Amino acid sequence: MKQIKNIIKSIVLSVLSLLLMASCLGKADGTSFNGFSQVDKEVVYANQEKSYVAFVAYGDAWQIVSAGGDNWCTFDKTSGLGGYMYAIWTTCEPNTTGKQRVASYKLQSTSDQGVFVNFNIYQYACRHDGSYGSARLVKSITGDDGSSIELLYDRLCRPSAVSISKDGQLLRKLDFAYSDVDSTLTVISNTSTYPLQASYIGGFQLNNRLASTTDTLAFQIQYDSYAYSAFTVMEKRANGEYNAQAMRFINQKFGPDDDHCADSLRYQRKYPDGTVTTKKLQLEYSEVDNRYQSVDVNQLLFGVEECNPYHLVATYRYTRNSKVYKSAKSLQGEYLMEADRNSDNSVRTLTVTDPTGKKITYTFEYAS
């Protein structure tokens, strides 16, 4: 099995830390940790296949046994000798339950059942993009204004291609390639001369910058406190064009499974001819959950001409608000959204009305 570069780094650091812990724990009588360090691991996303556990066994031979929970996580190695550091790869099944789940294990001595360490592995209900692990994969979106969006995915439900067209003319096309050898995402864009690249962590969440020598997609936090937080995601191109979304949140949590809904949105775009448009909107939400399909339907608010494909597939999951907009109000007028759902809560049709009263209805088709 090929190793994932960023996880390897994490394992190395974890094992070194565990070795130091082991040297401090000693062999005090009466403690269940006699013979082992604590077990280091990570919380995995709903579509995350590979992870690890790391520990130091400095006593007797050991084994890992199940201590409860579903059998959705397996280990490449479940026994070994004492006196070694261990970093063991785990394989996780997709979480399609719609809830966070836990699998419990015991790392124990094979000769003394009183020497053990209990540990849990947790898996989020959501994928790396903020959609539920059971969310249906959107195959296409067709608008009655002549717009069309086509999407493809890999076996881990990660987007592999997104194309946006209007009246037969291609507007945007992105091709995604994930290298799990070195944890690198490469994006080929029809608007960029060179490929864009970024590293990602275990759950496929990118670092703050996807970039080539000429183009960037960057995430920046404006402020972050208990009561208020705000961030901007901006895409810049070599010709000076850019588009940006800034969102502000009040008393929100940002765990992968937490509900979060921005109270306001600021959208700004500079076009190739140098003109700049800015929209400042106050947001109101419907009761329709935005996580039952693979795409963020709120990104269709301004039509496909203004739809950023990176945000449509939630390259940065924080741009996906948990609920579908009901309205977006500005000084220039009000946008309205109305979603009709399938029986599994995925969006079937979405109707958007702009401030002039013009309506566009989008129909969603899903992969089988």
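Residues numbered from 1 in each chain as written. Predicted model: local features only at pLDDT ≥ 70, side-chain atom pairs only at ≥ 80, totals over all residues. Heavy atoms only, no water.

Participant: Would you take a moment to explain the overall build of the protein chain for this structure?
Facilitator: For the protein chain, the helix and strand inventory stands at two helices and 24 strands. Principal-axis analysis of the C-alpha atoms places the extent of the protein chain at approximately 75 × 45 × 40 Å. For the protein chain, long-range pairs separated by at least 24 residues make up 53% of all intrachain contacts whose partners lie at least 6 apart in sequence. (Helix = DSSP H or I, 4+ residues; strand = E, 2+ residues; numbered from the N terminus. Contact = heavy atoms within 4.5 Å.)

Participant: I would appreciate a short explanation of the nonpolar core in the present structure.
Facilitator: Nonpolar side chains in soluble globular proteins generally cluster together in the buried interior. The biggest cluster of nonpolar side chains holds 58 residues, and the ones touching the most others in it are Ile149, Phe176, Val295, Leu300, Leu350, Tyr362 and Phe364. Counting 21 residues, the second-largest nonpolar core is a separate cluster that includes Phe55, Trp62, Ile88 and Leu107. (Core = buried A, V, L, I, M, F, W, Y, C linked by side-chain atoms within 4.5 Å. Buried < 20%, exposed > 50% of the residue type's maximum accessible area, 1.4 Å probe, protein only.)

Participant: How do you make sense of the environment of glycine 133 when you look at a structure like this?
Facilitator: For glycine 133, the location among the structural elements is in the loop between strand E8 (116–123) and strand E9 (138–143). Overall, glycine 133 belongs to the buried group, its relative accessible area being 10%. Aside from chain neighbours lying at most four places away, what touches glycine 133 is Ala46, Asn95, Thr96, Ala125, Cys126 and Arg127.

Participant: Just checking my understanding: could you explain the pattern of salt bridges for this structure?
Facilitator: Charged atoms that come close allow side chains of opposite charge to pair. By the definition in use, this model includes 18 salt bridges. Across the pair glutamate 305 and lysine 166 runs a salt bridge, and its minimum N-O distance is 2.5 Å. Placement of the pair is glutamate 305 in the loop between strand E20 (276–289) and helix H2 (309–312) and lysine 166 in strand E11 (residues 159–166), with a sequence separation of 139 residues. A relative accessible area of 38% means that glutamate 305 is categorised as partly exposed. Residue class for lysine 166 comes out buried when judged on its relative accessible area of 15%. Taken together, the shared-partner salt bridges connect Arg237, Glu241, Arg269 and Glu306 into one network. (Salt bridge = Lys/Arg side-chain N within 4 Å of Asp/Glu carboxyl O.)

Participant: Help me understand the sheet that holds strand E7 (residues 101–109), please; the structure alone is not making it clear to me.
Facilitator: In a beta sheet, neighbouring strands are held together by backbone hydrogen bonds and run either parallel or antiparallel to one another. Spatially, the four strands line up as an open sheet ordered E5-E3-E7-E8, and their pairing is antiparallel. Each edge of the open sheet carries a strand with a single partner, namely strand E5 (79–80) and E8. Bridge analysis of strand E3 (residues 62–69) against E5 gives two bridges, and the strand direction is antiparallel. Paired with glutamine 63 across the strands is serine 79, a residue of E5. (Pairing = 2+ DSSP bridges.)

Participant: Help me out: how do you make sense of the pairing of strand E19 (residues 264–270) in this one?
Facilitator: Regular strands have side chains that alternate between both faces of the sheet. In the sheet, strand E18 (residues 242–250) pairs with E19 via seven bridges, with the strands oriented antiparallel. Each bridged residue has a counterpart across the sheet, and for tyrosine 242 the counterpart in E19 is lysine 270. In the sheet, E19 pairs with E20 via seven bridges, with the strands oriented antiparallel. From the neighbouring strand, arginine 266 faces E20, where its bridge partner is lysine 280.

Participant: What is the right way to read the confidence of the model for the protein chain from this model?
Facilitator: Should pLDDT be low for a region, the predicted coordinates there are not to be read in detail. Across the protein chain, the average pLDDT comes to 90, with 91% of residues at 70 or higher. The low-confidence segment residues 1–8, where pLDDT is below 50, has 26 contacts with residues more than four positions distant or belonging to other chains. Confidence drops under a pLDDT of 50 for residues 18–32, and excluding neighbours within four residues, the segment shows 25 contacts in the predicted structure. (pLDDT = per-residue confidence, 0-100.)

Participant: Can you walk me through the state of the cysteines in this structure?
Facilitator: Across all of its chains, the model carries zero disulfides by this definition. Unpaired in terms of disulfides, cysteine 73 finds its nearest cysteine sulfur in cysteine 92, a separation of 4.2 Å. No disulfide involves cysteine 261; its sulfur sits 13 Å from the nearest other cysteine sulfur, which is in cysteine 126. You can call cysteine 261 buried: its relative accessible area is 18%. (Disulfide = S-S within 2.5 Å.)

Participant: Explain unusual backbone geometry to me, please; I cannot follow it from the model alone.
Facilitator: Glycine aside, negative phi is the norm for most residues, and most peptide bonds take the trans geometry. Phi angles above zero are rare outside glycine, and serine 183 is one such case at about 55°. Within the secondary structure, serine 183 is located in the loop between strand E12 (169–179) and strand E13 (184–189). With a relative accessible area of 1%, serine 183 lands in the buried category. One non-glycine residue, alanine 314, lies in positive phi territory at about 55°. Tracing the chain through its elements places alanine 314 in the loop between H2 and strand E21 (323–330).

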